[in-house]
Amino acid sequence: MRVITGRRRMTDRSQFLLVVLGGFAALVVPLVVGVVVARRRFVIVDVAGDSMVPSLVHGDRLLVRRTRRFRAGAIVVAHHQEGGRRVVAGGSPASAWLVKRLVALPGDVVPEAVASAVGDRTRRVPAGMAVLLGDHPDSVDSRRWGFVPLRDIEGVMVGRLRAGGR
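All values reported here derive from a predicted model rather than from experimental measurement. (Residues numbered from 1 in each chain as written. Predicted model: local features only at pLDDT ≥ 70, side-chain atom pairs only at ≥ 80, totals over all residues. Heavy atoms only, no water.)

Focus: the nonpolar core
A general feature of soluble globular proteins is that nonpolar side chains tend to end up buried together. One finds Phe-70, Val-76, Leu-102, Leu-132, Leu-150 and Ile-153 to be the most contacted residues of the largest nonpolar core, which totals 14 residues. Once residues within four sequence positions are removed from consideration, Phe-70 is found in contact with Leu-102, Leu-105, Leu-150, Ile-153 and Val-156. Counting ten residues, the second largest nonpolar core, distinct from the first, contains Val-43, Met-52, Leu-62 and Val-64. (Core = buried A, V, L, I, M, F, W, Y, C linked by side-chain atoms within 4.5 Å. Buried < 20%, exposed > 50% of the residue type's maximum accessible area, 1.4 Å probe, protein only. Contact = heavy atoms within 4.5 Å.)

Brief notes about the pattern of salt bridges
Evaluation of the coordinates by the stated rule reveals six salt bridges. Salt-bridge contacts for Arg-66 lead to Glu-154; the nearest nitrogen and oxygen are separated by 2.7 Å. Linking Arg-66 in strand β4 (residues 61-66) with Glu-154 in strand β9 (residues 153-162), this pair joins segments that are 88 residues apart in sequence. Given a relative accessible area of 14%, Glu-154 falls into the buried group. When the shortest N-O distance is used, the salt bridge between Arg-143 and Asp-141 registers 2.6 Å. The structure contains a network of salt bridges with shared partners spanning Asp-46, Arg-61 and Arg-162. (Salt bridge = Lys/Arg side-chain N within 4 Å of Asp/Glu carboxyl O. Helix = DSSP H or I, 4+ residues; strand = E, 2+ residues; numbered from the N terminus.)

Here it is as structure tokens:
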């Protein structure tokens, strides 16, 4: 069977190829768009160090959703607070990312453990700031740096993709 379109004739074979290519494009384009969107909304982070033991251990791989919506108790990923934003502290083998627990948001009471780092007279977390603590008692966190700007928190842990040294 031949279909005439304008002056050109389409054979059964060319019609078949057109349908196959159209179907292929219909599958590939949404896939590519989905990957691009996922890369903007999610990031994969490897845990380095023991600051989150026992919840997370060195080598755990985390899926993190980039967001500006936070809640106390969530495990978050933030930019390193020593040596400047997104910069690793001099000579440190640690990454430029921190994995910590968000324990206080603006308006919340300042935790006792952080009071000396932020000034004993500060009773509430100020606007635009947060308190991040590691689960391990020897963690370097808001007990040392004080408040962390909310803009430095990249996102919230969605889940563990791979267990590290367990």
